[in-house]
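Residue-level listing of the chains:
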Amino acid sequence: MASPRSGNPARRAQHEGTAPSPATWRDWIAAARPRTLGMAIAPVALGSAAAFNAEGFHLGIALACLALALCMQIGVNFANDYSDGVRGTDAVRVGPGRLVGAGKASPVAVRNVAIGFLAAGAIAGLVVVLVSGRWLLLAVGVVCILAAWGYTGGKRPYGYYALGELMAFLFFGPVAVAGTTYAIIGRVTEDSLALGAAIGAISAALMLCNNLRDIETDRAAGKRSLATLIGRRASKALYVALMLVPFVILWIFSYALAYGFAVFAVLLLAGPAMVIVIMARSPRDLITALGLTGMTALLYGVGLAIAIWAGPAGFVSA
């Protein structure tokens, strides 16, 4: 009698005699998804710049916020690898392989790495609270950790209910930018909210592009992403709209900044990304668009932050 087919991709590969080789250090680095780290760096840069422009700057708090953002981003990437892997969502995929889905690492090991980075993020967040004295941030930190794990983890992951883009917008946009500003100066400014909306739109676009790439495999696995619900054409239109929002906001800001218009050079990355998404016919076509979207987020955030720091002094903040 044949042995039952395992739902765990790693065990299934072993049963079928095709056990993959163990993960190398390069596999672990790839699983951290370095190309997504711009989504952690950009909001902190913008939030710090908004704080500097409003009242002042605290390097220690800004660095702690950056450590928090990076650890949370890496943690959620490993958590996603673990949760989608044990559910079988990543068993067949296009694009970078996953540790659990490919059977290269045990689910327990990947889960523990995810927990380790989320814990490191929590420690960095505690440093932010202790140095700044903004105790309200403790509650924000708890919500962020729950959101990081809840994307694909738990019994009812919100990433499986078409909420991934919305949560990406909120937590990598207004929450991250305004949270950084609040940690440094003790209040949220209108500028930080506007800048948060700008970078949040790119974050949502990145998530949508990823889900558009995986639309067929997600449907087969029963994952109800936004892309699976609204379809390819609407997803492509929404991606373009989200990518244009930051440049509309930049157009408003640039009139008050000496070097604001220079940030429009980032369109050299964003433009091709939009064209690729519109013209894409296969999942592999979108891999390049994902990389360009991530670089757009990093250069837009850091570039606009530098422009804000550069002045002029007449830049108006709430």
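Cut-offs applied
Residues numbered from 1 in each chain as written. Predicted model: local features only at pLDDT ≥ 70, side-chain atom pairs only at ≥ 80, totals over all residues. Heavy atoms only, no water. Helix = DSSP H or I, 4+ residues; strand = E, 2+ residues; numbered from the N terminus. Buried < 20%, exposed > 50% of the residue type's maximum accessible area, 1.4 Å probe, protein only. Contact = heavy atoms within 4.5 Å. Areas by Shrake-Rupley, 256 points an atom, 1.4 Å probe, with all protein chains shown as cover. Core = buried A, V, L, I, M, F, W, Y, C linked by side-chain atoms within 4.5 Å. Salt bridge = Lys/Arg side-chain N within 4 Å of Asp/Glu carboxyl O. Phe/Tyr/Trp six-rings, centres within 6.5 Å; stacked < 30°, edge-to-face > 60°. Axes fitted to C-alpha atoms, helices over the stretch in contact; angles between N-to-C directions. Parallel < 35°, antiparallel > 145°, perpendicular 65-115°, else oblique. Left-handed = near helix turned anticlockwise from the far one by under 90°. Nonpolar A, V, L, I, M, F, W, Y, C, P; charged D, E, K, R; others polar. Expected span 1.5 Å × (residues − 1). Polar contact = N/O pair within 3.5 Å; in protein donor to acceptor, adjacent residues only side chain to side chain.

Our next topic: the overall build of the chain. A count of helical and extended segments in the chain gives 13 helices and 0 strands. Counting all 318 residues of the chain, 50% fall into the buried class. Once local pairs closer than 6 in sequence are excluded, the contacts in the chain between residues at least 24 apart make up 75%. Of the roughly 14,300 Å² of accessible surface on the chain, a fraction of 69% belongs to carbon and sulfur atoms.

Here we take up the nonpolar core. Among the nonpolar cores identified, the biggest contains 48 residues, and L195, I199, Y239, Y300 and L304 are the most heavily contacted of them. Among the secondary structure elements, those contributing two or more residues to this core are α3 (38-54), α9 (190-213), α11 (226-254), α12 (267-279) and α13 (285-310). If you tally residues by element for this core, the top one is α9, at 11 residues. Counting 14 residues, the second-largest nonpolar core is a separate cluster that includes V44, A62, A69 and V129.

Here the structure, examined in full by the defined rule, presents 6 salt bridges. Where D27 meets K104, a salt bridge forms, and the shortest distance between an N and an O atom there is 3.6 Å. Linking D27 in helix α2 (residues 25-31) with K104 in the loop between α4 (59-87) and α5 (107-132), this pair joins segments that are 77 residues apart in sequence. For K104, a relative accessible area of 31% corresponds to the partly exposed category. A cluster of three or more residues bridged by salt bridges with shared partners is formed by E216, R219 and R232.

Looking now at unusual backbone geometry. Most peptide bonds are trans, and most residues other than glycine sit at a negative phi. At R33, a position not held by glycine, the phi torsion is positive, near 55°. For R33, a relative accessible area of 15% puts it in the buried group.

As a further point, take the side chain of Q73. Mapped onto the secondary structure, Q73 falls in helix α4. The class for Q73 is buried, based on a relative accessible area of 6%. For Q73, the contacting residues outside a window of four places in its chain are T36, L37, M39, A40 and F172.

Looking now at the environment of M295. Within the secondary structure layout, M295 lies in helix α13. For M295 and T36, which are 259 residues apart along the polypeptide, the C-alpha to C-alpha distance reads 8.6 Å.

Turning to the packing of aromatic side chains, a few remarks are in order. Each aromatic ring pair is specified by the distance between its two centres and by the angle formed by the two planes. In this structure the tally under the stated criterion is 11 aromatic pairs. For the pair F57 and W309, a centre-to-centre distance of 4.9 Å together with 80° between the ring planes defines the contact as edge-to-face. Taken as a pair, F57 in the loop between α3 and α4 and W309 in helix α13 lie far apart in primary sequence, 252 residues in all. Judged by its relative accessible area of 34%, F57 falls in the partly exposed class.

Relative orientation of the contacting elements α9 and α11 amounts to 150°, with a least axis distance of 8 Å. Classified by the angle their axes make, α9 and α11 are roughly antiparallel. Between α9 and α11 lies a crossing of left-handed hand. Residues of the contact of α9 with α11, tallied by class, amount to 21 nonpolar, 2 polar and 3 charged.

Compared with the 21 Å implied by 1.5 Å per residue over 15 residues, the 22 Å span of helix α6 (residues 136-150) between its first and last C-alpha is a close match. Of the positions making up α6, those classed as buried are L137, A147, A148 and G150. Elements in contact with the buried residues of α6: α4, α5, α7 (164-171) and α8 (174-185).

This part takes up the side chain of S254. As for its placement among the helices and strands, S254 is situated in helix α11. Among the polar contacts listed, one links the side chain of S254 to the backbone oxygen of W251, at a separation of 2.9 Å. In contact with S254, other than residues within four places in its own chain, are G260, F261 and F264.

In this fold, L70 is placed in helix α4. Residue classification places L70 among the partly exposed positions, given a relative accessible area of 24%. Sequence separation between L70 and F117 is 47 residues; the distance between their C-alpha atoms is 8.9 Å. Those residues in contact with L70, other than ones at most four positions away along the chain, are L37, A40 and I41.

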